[in-house]
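Fold and contact review
Okay, here's what each chain looks like letter by letter:
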Amino acid sequence: MDSRSISRPSPSLSRCRAASWYRRAAIPGPTSIPSFRPRTPATSPCSSTTTPPPATSPTASSAAPPRCARDLHDISGQFPAILEGAAGRDWDGVLDGEVLAYRDGSVLPFLRLQTRLGRRSPSAAIRAEIPTIYVAWDAIALGPLGGPLEPLLDLPLRERRARLEGLRLPLADEGGRFALSHRETVTSTEGLEAAFAAARARRNEGLMVKDPESPYTPGRRGFGWLKMKKALATLDCVVVGVELGHGKRHGVLSDYTFAVRDQRSDQLVTIGKAYSGLTDAEIAEMTRWFEAHTIRRLGRYRVVEPTVVVEVAFDVIMRSTRHRSGFAMRFPRIARLRPDKPVEEI
C-alpha cells in the first residue's frame, strides 16, 4: 500500500462551517469548495469555504486587515479574537480551515460554538465564555505582507503543508489563536486502522486520507483525498412519522421520523429523522404499509402507527431541543428494518 498522509482537522462538532482566511485587497472574493469535515462522536460537517487565488498573482499596494469568509460572506466580525491573533503576521495569503470553540486546551462542543454564530459583534462576555481559534488545514496562496500572492493549488500537499508550517502561526497551546490539523503517515491498512482508532480515542469521527502528492483541486478530489468514517453505533428505534421524499422519491414516503422510549414516562419520544439507507424496493413496500396505517395527515407528513422498528446508524448523539427526547442523532441513516423486533422491546 502506498504511503498516504492522514490529515485530521479538529472535531467538526466544534466548528463553524469552516472559514477561509484571505486578504480582501488581493482576493476578489471567496468561492465555496466542498471539503471533508472531521467528525466527533460526542457532539457535531460542514462544507468548507475557500478562496482560490486568480491565475495570475495579484498585487496589493498596502496590506489589508485579515478576514474570515464563509459561503461568500465576510464573517470576520464574529471572531475578532482570531483577527487580533493574526495582526502581527508578516505574510498575506489564503488558508483553508475552520473555526472551533476552544478553551483550556480542549475543543468545546459544537452546540457551544453555535451560540457564537450569526452574532456580528459578540459581546465581551460571550467571547470570554466561548473563545475561538482557527484551525488551518491547507495553504491556498501565500506571499509577503502587502505583496503579490503566489497560488499554491498545483503544488503537492507535502509542499503546501511545509509552507503552512513555515508560517509559524501563533498556536493556541502557546497562547495564540491558531492550530494546525493533526497529521500522520501510514504505509499499510493496519496502520490506517490504528490511526482511525487513535482518532476515535481523541473524540474525532473520522479521518481524511490524503495523497501527499495531491494538488488542491476544488470540487471532487477523486482518489487523492478519501474520507474514512465508520458509524459510531446503531440504535433500534420506532418509526412514528413519515414524509414524502424529493427528487426521484417525490412520490414515496422515504423520510422517516423515529423515536425511542423514555423510561421515566414510558412514552415514545422522537430522537431523529433519516431518509437514506433503504433500497427503492424497501421504500416502495413500506410506503404501501404506511399509507394503510396512517393515523393523521399533515400536508406531506404522515403520523403513523408506531409499530415499525428500524435499526439506525449514527455518528454522534448530542443534546438538542429539536426533538422531544432532548437529544438528536448526527448523520442518522437506516441500517435495516427490524421486523423481528416488537415495539415493546424498544
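Quick summary incoming for the structure in this document.

Moving on, we come to the environment of I271. With respect to the helices, strands and loops of the structure, I271 is situated in strand β17 (residues 267-274). Judged by its relative accessible area of 5%, I271 is buried. In sequence terms I271 and C237 are 34 residues apart; their C-alpha atoms lie 8.7 Å from each other. The residues contacting I271, other than those within four sequence positions of it, are L235, C237, F258, A259, V260, H323, S325, F327, A328 and M329.

Here we come to the environment of E311. Structurally, E311 is set in strand β20 (residues 309-314). It is 6.0 Å that separates the C-alpha atoms of E311 and I334, two residues lying 23 residues apart in sequence. Setting aside residues no more than four positions away along its own chain, E311 makes contact with T234, L235, D236, R333, I334, A335, R336 and R338. In terms of polar contacts, E311 uses its side chain to reach the side chain of T234, at 3.0 Å. Only 2.4 Å separates the side chain of E311 from the side chain of R336, close enough to count as a polar contact.

With that settled, the discussion passes to the pattern of salt bridges. Within the structure shown, the criterion is met by 23 salt bridges. In this structure, E165 engages R161 in a salt bridge whose closest nitrogen and oxygen atoms are separated by 3.0 Å. Pair noted here: E165 and R161 are both in helix α4 (residues 157-165), with a separation of four residues, about one helical turn. Given the relative accessible area of 35%, E165 is considered partly exposed. The class for R161 is buried, based on a relative accessible area of 8%. R183 is paired through a salt bridge with E165; the nearest N and O atoms lie 3.5 Å apart. Residue R183 is located in strand β12 (residues 182-186), and its partner E165 is located in helix α4; the two are separated by 18 residues in the primary sequence. In this structure R183 comes out as partly exposed when scored by relative accessible area, which is 40%. Ionic contacts of the salt-bridge type, sharing partners, join the residues D236, R338, D340 and K341 into one network.

It is worth spelling out α4 at this point. Among the residues of α4, L157, R160, R161 and L164 are the ones counted as buried. Down the axis of α4, the buried side of the element spans an arc of 100°, and every buried residue falls inside it.

With twelve of 13 residues buried, strand β9 (residues 132-144) lies mostly within the body of the structure. Relative to β9, strand β7 (residues 91-103) runs antiparallel, the two sharing eleven bridges. When the bridges of β9 are listed, A101 appears paired with T132. The pairing of β9 with strand β11 (residues 178-180) spans three bridges and is parallel. Its bridge partner being in β11, A136 is matched across the sheet by L180. Pairing of β9 with strand β10 (residues 150-151), which is carried by two bridges, proceeds in the antiparallel orientation. Looking at the pairing, A141 lines up with P151 of β10. Following β9, the chain reverses through five residues before pairing antiparallel with β10; G146 in that reversal takes a positive phi of roughly 80°.

Rules used throughout
- Residues numbered from 1 in each chain as written.
- Predicted model: local features only at pLDDT ≥ 70, side-chain atom pairs only at ≥ 80, totals over all residues.
- Heavy atoms only, no water.
- Helix = DSSP H or I, 4+ residues; strand = E, 2+ residues; numbered from the N terminus.
- Buried < 20%, exposed > 50% of the residue type's maximum accessible area, 1.4 Å probe, protein only.
- Contact = heavy atoms within 4.5 Å.
- Polar contact = N/O pair within 3.5 Å; in protein donor to acceptor, adjacent residues only side chain to side chain.
- Salt bridge = Lys/Arg side-chain N within 4 Å of Asp/Glu carboxyl O.
- Arc of directions from axis to C-beta.
- Pairing = 2+ DSSP bridges.

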